[in-house]
Structure formats: C-alpha cells, structure tokens
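Coordinates in review
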Amino acid sequence: MNNKMRYLIVMATGVAMNLILHGIASHFHLPVWLDMTGTALAALMLEPAAGLLVGLVNNFCIAVFDYTASSLFYYAVSAAVALIVGLNMRRKDKSLRQRIVSTIVLVIVVSAAISTLLTLWRTGGISESGWEAYYYGIASAWGWPNALACFFGTFVIKIYDVLASAAIVACAYGVLPKVLRAPGTALRAG
C-alpha cells in the first residue's frame, strides 16, 4: 500500500470516528465529548501532523453544524491532543505503560486547561456541555470562584472523555491492519 493511500484511509477513519462518536455522545447526552478519538488515533498511527489535520476537519464540522463559528477556537484542544499523543507515544526513554499513563495525564490536564481558558473567554465560564455545566454548578455551590468552577467542570468531563477515548483508540489500534501504521510506530512494551 502506498503512503498516500495509507494516510487517506487512517485520516478518513479518524474524521469519521470523531464525528460519529461525538454524535453518539451528544445524542445520548453522555458525560463525554469523544470528538478527539480519531485525532489521537491518526497522531498515533501516522504522525502528529495527521492528527492535526483530522482535528481541524472535525472542529470545523462541529463549529459549522453543531455550535457557533467561535467554537472553532477549540481546535487548540485537538491540536494539543494530536501533538501530545503523536510525540509522547513515540518516546523511546519510557516503557509502554509509562508512555500511556503520561499521555493520558497530559491530555487530561492540558486539554482541560485549554478548554477552560476558551470557555472563560467565549462564554464567561459557562460551558455548552450540560455535564460540564453540572460539575461547574457543584463547584460553584462549594463557593469556588468562576474560573476554578469552570476548570473543575471541564476537568471532570475530560477525565471521563480521555479515558473513554483512550480505550477506543487502543481497540482501534489493535483492530486496524498493521499496514496502516507508519513505520516505527508500533507500540512496544520496552
């Protein structure tokens, strides 16, 4: 299989995963976004740049069809995920377990921080996600300031979202043919 075809298949799969999983999560009002799963898969199987492109297409579609144009700024979250997954999972100085755990922790913290800053800027801290708003309300009831309550709401949902996405990515990585992976990107235990 030539390189262009491999990239096309993985990136199209990533975009489809992002849009379908986000649609399912939204339809069933799940406490997850699942809109970065395909982004992470493309960054893992190919390279960070592939994840960046998948995330851009996904965020553009979500901004146009689900939210407002200003929600396109959340592409910064997808970009961070693509870079963290694509770079951290390729590190040779850590075991597979260490890379997986550090990648999950980094994605949770960084994506929650970026999302919080964007939500504070766009809407004053009130999320468009009912679940994030729910946890925001809990933190507000505890007397937390707006910015911390916003971060708490986002952070809790990011934990659920990233753990679910990581499980889906692991399954997809294991199921998809090895020929679709970039040379040297096989997940090794050492």
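The rules behind the values
Residues numbered from 1 in each chain as written. Predicted model: local features only at pLDDT ≥ 70, side-chain atom pairs only at ≥ 80, totals over all residues. Heavy atoms only, no water. 1 Å grid on protein atoms, 1.4 Å probe; cavity = no way out; pocket = protein on both sides within 12 Å on 5 of 7 lines; lining within 4 Å. Points joined across faces, edges and corners; volume = space filled by probe spheres on them. Helix = DSSP H or I, 4+ residues; strand = E, 2+ residues; numbered from the N terminus. Nonpolar A, V, L, I, M, F, W, Y, C, P; charged D, E, K, R; others polar. Expected span 1.5 Å × (residues − 1). Buried < 20%, exposed > 50% of the residue type's maximum accessible area, 1.4 Å probe, protein only. Axes fitted to C-alpha atoms, helices over the stretch in contact; angles between N-to-C directions. Parallel < 35°, antiparallel > 145°, perpendicular 65-115°, else oblique. Left-handed = near helix turned anticlockwise from the far one by under 90°. Contact = heavy atoms within 4.5 Å. Lys, Arg positive; Asp, Glu negative; His and termini not counted. Salt bridge = Lys/Arg side-chain N within 4 Å of Asp/Glu carboxyl O. Patch = residues over 30% accessible without salt bridge, like charges linked within 9 Å, V, L, I, M, F, W, Y side chains within 5 Å. Areas by Shrake-Rupley, 256 points an atom, 1.4 Å probe, with all protein chains shown as cover.

On to the layout of surface pockets, then. Size it by volume and the largest pocket reaches roughly 360 Å³. Lining the largest pocket are 18 residues, with Leu 44, Met 89, Ile 100, Ala 166 and Val 169 sitting closest to its centre. Of all the secondary-structure elements, those providing two or more residues to the lining of the largest pocket are helix H2 (37–45), helix H4 (75–88), helix H5 (96–123) and helix H7 (146–175). Looking at which element gives the most residues to the lining of the largest pocket, the answer is H7, with six residues. Its residues assigned to classes, the lining of the largest pocket shows 16 nonpolar, two polar and no charged. Roughly 200 Å³ of volume is contained in the second largest pocket. Lining the second largest pocket are 14 residues, and of these Ser 26, Leu 30, Tyr 67, Ser 129 and Gly 130 lie nearest its centre. Residue assignment for the lining of the second largest pocket shows that the elements contributing at least two residues are helix H1 (3–27) and helix H6 (130–141). The biggest single contributor to the lining of the second largest pocket is H1, with three residues.

Further remarks concern helix H3 (residues 48–65). The end-to-end C-alpha separation of H3 is 26 Å, in line with the 26 Å expected for 18 residues at 1.5 Å each. When H3 is considered as a whole, its buried residues turn out to be Pro 48, Ala 50, Gly 51, Val 54, Gly 55, Asn 58, Asn 59, Cys 61, Ile 62 and Ala 63.

A pair of packed helices is captured by two measures, namely the crossing angle of their axes and the spacing between those axes. Across the interface, H2 lies against H3 with an axial gap of 6 Å and an inter-helix angle of 160°. Of the possible angle classes, the one that applies to H2 and H3 is roughly antiparallel. Between H2 and H3 lies a crossing whose hand is right-handed. The residues of H3 that touch H2, namely those facing Gly 38, Thr 39, Ala 42 and Ala 43, are Pro 48, Ala 50, Gly 51, Val 54 and Gly 55. Here the residues of the contact of H2 with H3 sort into five nonpolar, four polar and no charged.

Turning our eyes to something else, we now look at empty space enclosed by the protein. Tallied over the full model, the rule gives one cavity of 30 Å³ or more. Taken as a whole, the largest cavity encloses approximately 310 Å³ of empty space. Trp 33, Asp 35, Ser 71, Tyr 74 and Ser 115 are the residues nearest the centre of the largest cavity, which is lined by 21 residues in total. Among the secondary structure elements, those contributing two or more residues to the lining of the largest cavity are H3, H4, H5 and H7.

Residue placement: Asp 161 occurs in helix H7. Buried and without a salt bridge, Asp 161 has Lys 158 as its closest oppositely charged side chain, separated by 4.3 Å. Apart from residues lying up to four places away in sequence, Asp 161 is in contact with Val 32, Trp 33, Leu 34 and Met 36.

Moving on, we come to a nonpolar patch on the surface. Among the surface-exposed residues, Leu 53, Leu 56, Phe 60, Val 64, Phe 65 and Leu 72 lie close enough to one another that they form a single nonpolar patch of about 590 Å² accessible area. The residue Phe 60 is located in helix H3 in this model.

This next bit is on the packing of H4 against H5. It is at 9 Å that the axes of H4 and H5 come closest, and there the two elements cross at 165°. In terms of their interaxial angle, H4 and H5 are classed as roughly antiparallel. For the element pair H4 and H5, the recorded crossing hand is right-handed. Seen from H4, the contacting residues are Ala 76, Val 77, Ala 80, Val 81, Ile 84, Val 85 and Asn 88; seen from H5, they are Arg 99, Ser 102, Thr 103, Leu 106, Val 107, Val 110, Ser 111, Ile 114, Ser 115 and Leu 118. Broken down by class, the residue content of the contact of H4 with H5 amounts to 11 nonpolar, five polar and one charged.

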